[in-house]
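Descriptive analysis of the structure
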Amino acid sequence: MSGARYMESDAMTSPYSLEQYVQDLRTITAEESDPVRITDRVAPLARKFAQAPGWFRPEYRECDVEQGFGVHMLHEEPNHDLAVFLISWLPNRGTTPHNHKTWAVVVGMEGQEQEVNYDRLDDGSKPDYADLQRGGEQVMIAGDVARCYPEHIHSVWNVGKEISMSLHTYGRHINYTGRSEFDLEQKREKPYVIKVAEDEHARA
Ligand SMILES: [Fe+2]
């Protein structure tokens, strides 16, 4: 019995590691296929991992000046599923409106990131065309958790004065989902691929 108690207390005091988080992602996605159910279960774990000590590296703060944000990969499966990124955003920079074509869970870690949501008015049948209408917005701060479903369209902007950071977990690496970015004024849809930092420690 004393051995069992020791293991229990050991588990309670060990920080929630990236390996444990990824193992939980594998379990959840093996048991669920609905993005709503997946993100319901991933959200509290993503928050727990974001707040766990021991995994953060100073280079995760580095931003890509051209892109406006730095994308640091913590994990992806060999087939590009289950991608975990730490994304750092320069002040007053962000993304165009985009979708993900996979589920996403985002946890605020530092700073203030504004998310603007968009409704699509057309039916998507006309190639390269998209008619979007700006919808609601909110500002994410440390500890906040946001979920996205595959067709959800949003943009993200660092509205603070300092670098902001957030932890992003996707069902699949977003450069491999065939997702899009959108030009609101020109009503255009085009492929959206982001630049991922070549961190030394990054998973091959
Ligand atoms: Fe996004």
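Everything in this summary refers to the structure shown in the same document. (Residues numbered from 1 in each chain as written. Predicted model: local features only at pLDDT ≥ 70, side-chain atom pairs only at ≥ 80, totals over all residues. Heavy atoms only, no water.)

We note that Leu-82 has phi near 50 degrees; this positive angle belongs to a residue other than glycine. By the secondary structure assignment, Leu-82 is in strand β2 (residues 81-89). Among the residues examined, Leu-82 registers a relative accessible area of 5% and is labelled buried. One non-glycine residue, Asn-92, lies in positive phi territory at about 60 degrees. Along the chain, the position of Asn-92 falls in the loop between β2 and β3 (104-110). (Helix = DSSP H or I, 4+ residues; strand = E, 2+ residues; numbered from the N terminus. Buried < 20%, exposed > 50% of the residue type's maximum accessible area, 1.4 Å probe, protein only.)

Structurally, Glu-181 is set in strand β9 (residues 180-183). No salt bridge is formed by the buried Glu-181. Its closest oppositely charged neighbour is Lys-190, at 4.0 Å. Polar contacts involving the side chain of Glu-181 include one to the side chain of Thr-96, which spans 2.6 Å. When residues no more than four places from it in sequence are discounted, the contact partners of Glu-181 are Thr-96, Pro-97, His-98, Arg-188, Glu-189, Lys-190, Pro-191 and Tyr-192. (Lys, Arg positive; Asp, Glu negative; His and termini not counted. Salt bridge = Lys/Arg side-chain N within 4 Å of Asp/Glu carboxyl O. Polar contact = N/O pair within 3.5 Å; in protein donor to acceptor, adjacent residues only side chain to side chain. Contact = heavy atoms within 4.5 Å.)

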